[in-house]
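Fold and geometry: a report
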Amino acid sequence: MSIKSRVVLGSALALLVLSACNDKDAAKTASAPASASAAAASSSEVAATVNGTPISKKQLDQIMQQQAGQGMPDTPETRKMVIDNLSMQILVAQLAVTKGLDKSPEVADQLEMTKQSILANAYVKDYIKTAAVSDDALKAEYEKFKATAGGNEYKARHILVAKEDEAKDIIAKIKKDVKLFDGLAKSKSKDPGSKDKGGDLGWFNPRGMVPEFGAAVAKLEKGKFTEEPVKSQFGYHVIILDDSRPLTPPTLEDVKAGLTQQLQQQNLKAMLDDLKAKAKIEIKGNAPAPASAAAAPGALTVTPTASASASASAAAPAAASASASAEVKK
């Protein structure tokens, strides 16, 4: 049984999501490159210099890691391309400093905003990394998860048609001989994912189906079929229940990483809400009210890691096979 990761962040947390890479790139572009790059390179191997301004190997490695996540291979050729781009950025930034543009009010404001953005993101990342989640909190969250992940799962077949009369005609035929179901599914069903398998949807959680379908399946007894067409947004279904069994939730160990991450996000949200509530924020003149957490531009974001996303979920278990998703699933 697969488990989908659906760690949901609150709106206040959404206010705190940063694009750290973009902010760092912006800072490099706008700031005086000689001193900043020299400081960065002082404690690491230098990959290149541009008019005496170093590009550290650490900086280059970080950029290559970011680009690898977007599908760019880490090869000598791509590293040279990145160095070329950084070199041009440094050269143009040096011209800007020579011209005194770094002293202009507009650029100075942008540099300050970029600095604040990077610092805020660094704090959020540090909080997520260091904030401990207690065993008791984790167990309590797991109990909540189990309460929504229980119930039964079902193995069923269906025939999907466009008109109610077609569905009634199919029902009349299988009332005479239920063995006709497979053949009728293959010849009549509009569900491309299941028709060639006699309408078989495999095992699924009814909560993963459209409501009408899930409710109808849950009412059926094993071996029985719906004696009235089941209407959904996709058309009319004739459903036969082959089997059912208790749905066993994944163990705490299976979902521990995802639940831990979710609790970290919740704790972060609570901390940020408290921080804002205690702060003295004054709106001057005709300035607009502060943007909401969900709508604030340049908002901070803490993106779940791939490993945590893959490992667990606080949502209902995945329902059914790919065939079921073709026409029945939400």
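None of these values were measured; they are calculated from a predicted model.

As for the overall build of the protein chain
- Looking only at helices and strands, the protein chain features 13 helices and eight strands.
- Burial status across the protein chain gives 36% buried among its 330 residues.
- Residue pairs in contact within the protein chain that sit at least 24 positions apart in sequence constitute 76% of those at least 6 positions apart.

Focus on the pattern of salt bridges
- Tallied over the full model, the rule gives 19 salt bridges.
- Notably, a salt bridge pairs Asp61 with Arg79, separated by 2.9 Å at the nearest N-O pair. Taken as a pair, Asp61 in helix α4 (residues 57-68) and Arg79 in helix α5 (residues 76-98) lie far apart in primary sequence, 18 residues in all.
- Asp182 is the salt-bridge partner of Arg157, the closest N and O atoms lying 2.6 Å from each other. Placement of Arg157 in strand β4 (residues 152-161) and of Asp182 in helix α9 (residues 181-188) is noted, with a sequence separation of 25 residues between them.
- In the salt-bridge network here, residues are joined through shared partners; they are Lys57, Asp61, Asp74 and Arg79.

What to know about a nonpolar patch on the surface
- On the surface, a cluster of nonpolar side chains totalling about 260 Å² of accessible area is made up of Met88, Leu91 and Val92.
- On the basis of relative accessible area, Val92 is assigned to the partly exposed category, the value being 47%.

Examining the environment of Asp182
- Residue Asp182 is classed as partly exposed on the basis of its relative accessible area of 34%.
- Residues Asp182 and Arg157 lie 25 residues apart in sequence; the distance between their C-alpha atoms is 8.6 Å.
- Leaving out residues up to four positions away in the same chain, Asp182 has contacts with Arg157 and Gly198.

Considerations on the pairing of strand β2 (residues 46-50)
- As paired elements, β2 and strand β3 (residues 53-56) share four bridges and run antiparallel to each other. Among the inter-strand pairings, Ala48 is bridged to a residue of β3, identified as Ile55.
- Following β2, the chain reverses through two residues before pairing antiparallel with β3; Asn51 in that reversal takes a positive phi of roughly 50°.

Here's the deal with the sheet that holds strand β6 (residues 230-232)
- Read across the open sheet, the four strands follow the order β5-β4-β7-β6; overall the sheet is antiparallel. In the strand order of this sheet, the two ends are held by β5 (200-204) and β6, each with one partner. Strand after strand, the sheet turns through a mean of 40° between neighbouring axes, direction not considered.
- Relative to β5, β4 runs antiparallel, the two being bridged by three bridges. Within β5, the residue paired with Tyr154 across the bridge is Phe204.
- Relative to the sheet, helix α8 (residues 164-176) contacts β4 and β7 (235-246), its axis offset from that of β7 by approximately 50°.

Topic: the environment of Ile171
- Its place among the elements puts Ile171 in helix α8.
- Residue Ile171 is classed as buried on the basis of its relative accessible area, which comes to 3%.
- With 67 residues separating them along the chain, Ile171 and Val238 place their C-alpha atoms 7.0 Å apart.
- With near-sequence residues (within four places) excluded, Ile171 lies in contact with Phe225, Thr226, Glu227, Glu228, Pro229 and Val238.

Comments concerning the confidence of the model for the protein chain
- When the pLDDT values of the protein chain are averaged, the result is 79; 73% of them are 70 or greater.
- Mean pLDDT across the elements of the protein chain bottoms out in helix α12 (residues 306-311) (33) and peaks in α8 (97).
- In this model, residues 301-327 is a region of pLDDT below 50 whose contacts with residues beyond four sequence positions or in other chains number 81 contacts.

Section: the packing of α8 against α9
- Put simply, α8 and α9 touch, their axes get as near as 10 Å, and they point 155° apart. Compared by their axis directions, α8 and α9 come out roughly antiparallel. Remark: the crossing between α8 and α9 carries right-handed chirality. Of the residues in α9, those touching α8 at Ile170, Lys173 and Ile174 are Phe181, Leu184 and Lys188.
- Looking at the contact of α8 with α9 residue by residue, the class counts come to four nonpolar, no polar and two charged.

So, the packing of helix α6 (residues 105-130) against helix α11 (residues 252-278)
- Their axes nearest at 10 Å, the elements α6 and α11 cross at an angle of 130°. Classified by the interaxial angle, the pair formed by α6 and α11 is oblique. With respect to the hand of their crossing, α6 and α11 are arranged in right-handed fashion. Contacts between α6 and α11 involve Tyr123, Val124, Tyr127 and Ile128 on the former and, on the latter, Gln264, Gln265, Asn267, Leu268 and Met271.

Rules and cut-offs
- Residues numbered from 1 in each chain as written.
- Predicted model: local features only at pLDDT ≥ 70, side-chain atom pairs only at ≥ 80, totals over all residues.
- Heavy atoms only, no water.
- Helix = DSSP H or I, 4+ residues; strand = E, 2+ residues; numbered from the N terminus.
- Buried < 20%, exposed > 50% of the residue type's maximum accessible area, 1.4 Å probe, protein only.
- Contact = heavy atoms within 4.5 Å.
- Salt bridge = Lys/Arg side-chain N within 4 Å of Asp/Glu carboxyl O.
- Patch = residues over 30% accessible without salt bridge, like charges linked within 9 Å, V, L, I, M, F, W, Y side chains within 5 Å.
- Areas by Shrake-Rupley, 256 points an atom, 1.4 Å probe, with all protein chains shown as cover.
- Pairing = 2+ DSSP bridges.
- Axes fitted to C-alpha atoms, helices over the stretch in contact; angles between N-to-C directions.
- pLDDT = per-residue confidence, 0-100.
- Parallel < 35°, antiparallel > 145°, perpendicular 65-115°, else oblique.
- Left-handed = near helix turned anticlockwise from the far one by under 90°.
- Nonpolar A, V, L, I, M, F, W, Y, C, P; charged D, E, K, R; others polar.

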